[in-house]
Amino acid sequence: MVTLAPAPDRTAMRWEERVMRAAHPIAYPMLARITRPALRVPGIGTVVTDAALLRAVLMDTVSYTKTGPGAPSELWTPVLGPRVLLNMEGADHLELRRRLAPLFTPAAVGSLVDRTLGGPFESLRARLAAGERVELVAEARRCASAVISTLVGLPPEVVDDRLFRRIATVTGAVRLSRPRMTPAQVRHAREVMAELTGHAAEAWRRGDPDTVPGRMRELGLDEEESLGAVGAFVLTGTETLVAYLPRLICLLADTGWLGRLATEREHVDPAIAEGLRVTTPSPVMLRSVVRESCIGDVVVRPGERVVLATFLADRIAPGFDPVGNPAASLRQLWFGAGSHFCLGAPLAMAQIRGMLSAVLDAAVEQPLEVHSRRVARGVLIPGYRSVVLGRGVGGRA
């Protein structure tokens, strides 16, 4: 017998399906059809869909790496350089991560978000409570830009909508069937990243230890390495968050949880985790095989690519359920595992909680609903192009 999600969840899941198909109209349906825990797919690699197997691959840095054929290094090293965490392994990776970690403690990121976004979050709450309709994608983009600009030492106006669109042309060129960018795409990506480097170089020269470039200078990394890291943080620290926040709020609205959470705040953290489980903002992770091993019943050999289909591994339950909270058993698998667990996860969570709290505070005063939305097409990170949130039908006139 097939167990169907409740009707509100089916509405939410239909929208999630649209979001995923719009972003990846070929790769998503192909991967979504896989029902085996691990399957070799010609031209793609060994696709892993089981959470336990996926975690085992992430934890085994002896057999699998981010720096071999078909791994993230093939995509990003030509653009960002060889020392930007997302394309590093081994002792150098662990040491750089250890040295950068103080920038991303819960206390550090909480302070950063409070001083950077306290005013914008209060403005968001007030506008929604007053009955204004707010475009959430633009709101999330402005907030993420402000935080990442402060973190990497850029003036706030640098990471603007125009640069976001330019960054999307870089990440949107990534295809599952293509392990690396073309020479023309690499040149374009370098041009986009170069728009950041002049400002970030100044932060490196100042040596401000509260910024990524300044901290990396303290660690003895040269200017080029530090600027590559800035590019990596802008790429990974903005697009996923900007995609996730509107998806989360749409999920809450579609399932009836938006109004409920406004008065039942004890469910906020499980709701955020369930949102991350259901949406999985980074749908896949890539690894290259270093030594022959088995993933389930599939033998993999050195040089082969492993595609970790995190979005499928996270689908351990139907629908969206903050009360049952099936996400808890996954131990934040959407952020990775082991030595490559997302360093910026505390920063992302602080921004998510802050923006969601502003929306929920407004929802206490004024019922809110999603008035319109459009999915984003041809992007690397699935999301909405536009989401308009405002007073619900039962709101005060």
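Structural notes, computed from the coordinates. (Residues numbered from 1 in each chain as written. Predicted model: local features only at pLDDT ≥ 70, side-chain atom pairs only at ≥ 80, totals over all residues. Heavy atoms only, no water.)

**A word on the packing of aromatic side chains**
The description of an aromatic ring pair uses the distance of the two centres, along with the angle that the planes make with each other.
Here's step 1: Counted under the stated rule, the structure contains 4 aromatic pairs.
Here's step 2: Judged by centre distance (6.1 Å) and plane angle (55 degrees), the ring pair of W15 and Y384 falls under tilted. Pair noted here: W15 is in helix α1 (residues 7-23) and Y384 is in strand β10 (residues 384-391), with a separation of 369 residues, a long-range link.
Here's step 3: The exposure class of W15 is buried, given its relative accessible area of 19%.
Here's step 4: Where F335 meets F341, the ring centres are 5.9 Å apart and the plane angle is 70 degrees; that geometry is what we call edge-to-face.
Here's step 5: Residue classification places F335 among the buried positions, given a relative accessible area of 12%.
Here's step 6: Owing to a relative accessible area of 22%, F341 belongs among the partly exposed residues under this scheme. (Phe/Tyr/Trp six-rings, centres within 6.5 Å; stacked < 30°, edge-to-face > 60°. Helix = DSSP H or I, 4+ residues; strand = E, 2+ residues; numbered from the N terminus. Buried < 20%, exposed > 50% of the residue type's maximum accessible area, 1.4 Å probe, protein only.)

**Observations regarding the sheet that holds strand β9 (residues 368-375)**
Here's step 1: With antiparallel pairing, 3 strands are arranged side by side in an open sheet as β4-β10-β9. Only two strands of the sheet have a single neighbouring strand rather than two, namely β4 (134-135) and β9.
Here's step 2: Taken together, the 7 bridges between β9 and β10 define a ladder with antiparallel strand orientation. In the sheet register, L368 faces β10, and the bridge partner there is R391.
Here's step 3: Running at roughly 50 degrees to β10, helix α11 (residues 223-255) makes contact with β9 and β10 of the sheet. (Pairing = 2+ DSSP bridges. Contact = heavy atoms within 4.5 Å. Axes fitted to C-alpha atoms, helices over the stretch in contact; angles between N-to-C directions.)

**A closer look at the packing of α11 against helix α15 (residues 345-365)**
Here's step 1: In the contact formed by α11 and α15, the axes pass within 11 Å of each other and the chain directions differ by 40 degrees. In terms of axis orientation, α11 runs oblique to α15. Between α11 and α15 lies a crossing whose hand is right-handed. Each of L241, Y244, L245, L248, I249 and L252 in α11 lies in contact with α15, whose residues at this interface are A348, Q351, I352, M355, L356 and V359.
Here's step 2: Here the residues of the contact of α11 with α15 are counted per class, giving 11 nonpolar, 1 polar and no charged. (Parallel < 35°, antiparallel > 145°, perpendicular 65-115°, else oblique. Left-handed = near helix turned anticlockwise from the far one by under 90°. Nonpolar A, V, L, I, M, F, W, Y, C, P; charged D, E, K, R; others polar.)

**Regarding the state of the cysteines**
Here's step 1: Per the counting criterion, the structure on display carries 0 disulfides.
Here's step 2: Residue C342 stays outside any disulfide, its sulfur separated by 19 Å from that of C143, the closest cysteine. (Disulfide = S-S within 2.5 Å.)

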